[in-house]
Amino acid sequence: MGFLDEQRDPLLAGALLKAIHTFTAAPWTITEMCGARTHGLAARGLGDLLPSGSRLVHGPGCPICGTPPEVIDRALAVAAHPGVILTTSADMLEVPGTETGLAALRARGADVRAVPGPFDAVRLAVETPRSEVVFFATGCETTATATATAVLHAAELGLRNLTLLTGHLLALPATAAALALPSEGNTAFLAPGRVCAVTGWAGYEPLAATHRTPIVVTGAAPLELLDGVLMAVRQLASGRAEVENGYARAVGRTGNIAARELAGRVFRVTAGRSRRLGIIPDGGLALAAEYAAFDAAARFGVGDLAGAPA
């Protein structure tokens, strides 16, 4: 059976749900990083089949929907400049700033474009040398690697009309901030597998030990999530609080060292800001001094907008 067929198999889903019910001895709360995965379960009716009283809840949200209003406001201010083409992911168009969002600004005539990734912004800068192309970079370690690669390519090309507005957040510090929030009852945490493919899962071990919280690395497919829930409730039932890797097909303990080193060439770690968690020490990325020429916040004078990370 192929992976996709397996993820649609009702018998496997039933077996996982039965095991979850078997090991659930209390109304436990299991938190996952991004609400889209919870919605994925709910859309298939699987969330309603979890044991009564137990909850699978949204965590701090993905770095896109968690981008705070003031960071969106910077993008709005840049996009309002004449001659600017602001590019970003399609999801960012609907994330609200203080008063409005990028989709509304585009409807009023600003040149705001949804692109698949940062290399599309590089291509656009090459094709439109008289325009100022800005890429609004968001997401976590996975997208930061792609952004860094695009910046290095732009530097090789000598592009002077491409800049970067940085809104990247780091998943591990965000998880630490989320786990530090007050909670009730026994809890567990599902860590995002795609992020851990870059970061590895070793960094979560001190968090599991400090907060006495089981942490399970999972994939995003529905049955992968159910398997992660099962691994979590087994730990809760036995009183364990460890890191378990339920996404071994893509995640190793140390992650992708080469990808992290590449991002480290272009970015430096700084404070980050999340819509739900506030300021996160060492939770964000800013361009390294060597690549300061690509800093859109500096070029367009929006770095001093209220709430800018330190």
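Scope of this entry: the structure provided in the associated data block. (Residues numbered from 1 in each chain as written. Predicted model: local features only at pLDDT ≥ 70, side-chain atom pairs only at ≥ 80, totals over all residues. Heavy atoms only, no water.)

For the rest of this paragraph, the subject is unusual backbone geometry. In this structure, Arg212 takes a positive phi of about 50 degrees despite not being glycine. Here Arg212 shows up in the loop between α10 (205-211) and β8 (215-218). Its identity is not glycine, yet Asp282 carries a phi of approximately 55 degrees, on the positive side. (Helix = DSSP H or I, 4+ residues; strand = E, 2+ residues; numbered from the N terminus.)

As a further point, take the pairing of strand β7 (residues 187-192). The buried fraction of β7 is high, at six of six residues. Of the two faces of β7, the one carrying Thr187, Phe189 and Ala191 and the one carrying Ala188, Leu190 and Pro192 are both buried. Where strand β1 (residues 29-32) and β7 come together, four bridges link them in parallel fashion. Bridge assignment links Glu32 to a residue of β7, and that residue is Leu190. Two strands pair when backbone bridges link them, and β7 and β8 are joined in this way by four bridges, in the parallel orientation. Paired with Pro192 across the strands is Thr218, a residue of β8. (Buried < 20%, exposed > 50% of the residue type's maximum accessible area, 1.4 Å probe, protein only. Pairing = 2+ DSSP bridges.)

Moving on: the nonpolar core. If you look at the biggest cluster of nonpolar residues, it comprises 26 residues, and the most contacted ones within it are Val133, Leu162, Leu164, Val266, Phe267, Leu287 and Tyr291. Elements with a minimum of two residues in this core: α6 (118-127), β5 (132-137), α7 (141-157), β6 (162-166), α12 (257-266) and β11 (278-287). The element best represented in this core is α7, accounting for six residues. Discounting residues that sit within four places of it in the chain, Leu287 has contacts with Leu164, Thr166, Val266, Phe267, Arg268, Phe294 and Asp295. Of all hydrophobic cores here, the second largest spans 24 residues; its members include Ile72, Leu93, Val95 and Phe136. (Core = buried A, V, L, I, M, F, W, Y, C linked by side-chain atoms within 4.5 Å. Contact = heavy atoms within 4.5 Å.)

Our focus in this paragraph is the sheet that holds strand β4 (residues 112-114). Reading across from one edge, β4-β3-β5-β6 is the order of the four strands in this open sheet, with parallel pairing throughout. Each edge of the open sheet is held by one strand with a lone partner, namely β4 and β6. Direction aside, the axes of adjacent strands within the sheet are offset by 25 degrees on average. Across four bridges, the pairing between strand β3 (residues 84-88) and β5 is parallel. (Axes fitted to C-alpha atoms, helices over the stretch in contact; angles between N-to-C directions.)

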